[in-house]
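The chain contents come next:
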Amino acid sequence: MYEKDLYACEGEINEQLAGYGVKFGIYKNNTFREQLFPFDVIPRIITKKEFQMLEAGLIQRVDALNLYLKDIYGEKQIIRDGIVPEDFVYTSSGYLAQCEGICPPGGVYSHGVSQKMGW
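Reading the values: rules and limits
- Along every chain, residues carry numbers that run from 1 in the direction the sequence is written.
- With the structure being a predicted model, the display of local features is reserved for residues of pLDDT at least 70 and the display and counting of side-chain atom pairs for 80 or more, all residues being used for whole-chain, interface and lining totals.
- Heavy atoms throughout the structure, all of them, feed into the side-chain values; hydrogens and water do not.
- Numbered from the N terminus, helices here are DSSP runs of H or I no shorter than four residues, and strands are runs of E no shorter than two.
- The rule is simple: take the accessible area with a 1.4 Å probe, protein chains only, and divide by the maximum for that residue type; under 20% is buried, over 50% is exposed, in between is partly exposed.
- Residue contacts follow a heavy-atom distance rule, with two residues in contact if any of their heavy atoms lie within 4.5 Å.
- To measure how exposed things are, a 1.4 Å probe is used in the Shrake-Rupley method; for residues, cover is taken only from the protein chains shown.
- When DSSP finds two or more bridges between two strands, those strands count as paired.
- Aromatic pairs are defined between Phe, Tyr and Trp rings, using the six-membered ring for Trp, whenever the two ring centres lie within 6.5 Å; interplanar angles under 30 degrees are classed as stacked, those over 60 as edge-to-face, and all others as tilted.
- Put simply, a nonpolar core is a bunch of buried Ala, Val, Leu, Ile, Met, Phe, Trp, Tyr and Cys residues held in one set by side-chain atoms that sit within 4.5 Å of each other.
- Nonpolar side chains (Val, Leu, Ile, Met, Phe, Trp, Tyr) are joined into patches within 5 Å and like charges within 9 Å, using only residues with over 30% relative accessible area and no salt bridge.
- The rule for a salt bridge is simple: a side-chain nitrogen of Lys or Arg has to be within 4 Å of a carboxyl oxygen of Asp or Glu.

1. Topic: the overall build of the protein
Along its length, the protein carries four helices and two strands. The order of α-helices and β-strands along the protein, N terminus first, is α-β-β-α-α-α. Relative to its full complement of 119 residues, the protein shows a buried share of 18%. Considering only contacts in the protein between residues 6 or more positions apart, those separated by 24 or more positions represent 43%. Roughly 9600 Å² of accessible area belongs to the protein as shown, and the carbon and sulfur atoms make up 59% of that amount.

The structure is reproduced here in C-alpha cells:
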C-alpha cells in the first residue's frame, strides 16, 4: 500500500521540484545544459561503503563549488585562463554582481557537509 501511495505522489513531487528550481547543470564542450533533478519514489538501499564513497564525492563537489565561487567573485583566474568563458559567468541568472570582491568567512559560499567544518 505504501509503495502505491508513493507512486501516486510522484507527479506532484516532480512538479514541486520544478517549481522550486531544483535543477543541476552540465557544462560540456562549451555547451551548458540544465535539467531537473531526477526523483525516484522508491529509495535505494546502499551499503555503508557505498554511502562513504558518495559522501566523499559530495564533499569534493561542495569544496570545488566554493573554490569556483571564491575565484569568480575574486581573482577570476578561471576566466583569465580560458577555462570558463566570461559570458557564461556574467550572463548566468545565478551570478550576483553585488557579491564581487566579497569572501564570506572561511570562503564558504555554499554550505554542505564538509570535513573542513568538522561535520
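2. Observations regarding the environment of histidine 111
Mapping histidine 111 onto the fold places it in the segment after helix 4 (86-90). By relative accessible area, histidine 111 is classed as exposed at 58%. Distance in space between the C-alpha atoms of histidine 111 and aspartate 63 is 9.2 Å, their sequence separation being 48 residues.

3. Describing the pairing of strand 2 (residues 31-36)
Summarising the sheet, strand 1 (residues 23-28) and strand 2 pair through six bridges and their orientation is antiparallel. Considered in strand 2, the bridge of tyrosine 27 is made with phenylalanine 32. Linkage of strand 1 to strand 2, two consecutive antiparallel strands, is achieved through a turn of two residues, within which asparagine 29 is found at a positive phi near 55°.

4. Comments concerning the packing of aromatic side chains
In the structure shown here, the tally under the stated rule is four aromatic pairs. Each ring, one from tyrosine 90 and one from tyrosine 95, has its centre 5.1 Å from the other, and the planes form 80°; the classification is edge-to-face. In this structure an aromatic cluster arises from ring pairing among Tyr73, Tyr90, Tyr95 and Tyr109.

5. A few points about the nonpolar core
One broad trend across soluble globular proteins is that nonpolar side chains are buried collectively. Residues Leu69, Ile72, Tyr73, Ile78, Ile79, Val84, Val89 and Tyr95 constitute the largest nonpolar core, which totals eight residues. When residues of this core are traced back to their parent elements, those giving at least two are helix 2 (48-72) and helix 3 (77-80). The contact partners of isoleucine 79, leaving out residues within four places of it in the chain, are Ile72, Val84, Glu86, Val89 and Tyr90.

6. Regarding unusual backbone geometry
Although it is not a glycine, lysine 76 sits at a positive phi angle of roughly 60°. As for its position among the elements, lysine 76 is in the loop between helix 2 and helix 3.

7. Things to note about the environment of glutamate 75
As for its placement among the helices and strands, glutamate 75 is situated in the loop between helix 2 and helix 3. Along the backbone, glutamate 75 and glutamate 100 are 25 residues apart, and their C-alpha atoms lie at a distance of 9.8 Å. Not counting residues up to four positions away in its chain, the partners in contact with glutamate 75 are Lys70 and Arg80.

8. Thoughts on a nonpolar patch on the surface
Residues Ile46, Phe51 and Leu54 make up a contiguous nonpolar surface patch of about 270 Å² in total accessible area. Take phenylalanine 51: it is sitting in helix 2. Residue classification places phenylalanine 51 among the partly exposed positions, given a relative accessible area of 47%.

Don't take any of this as a statement about function, it's just geometry.
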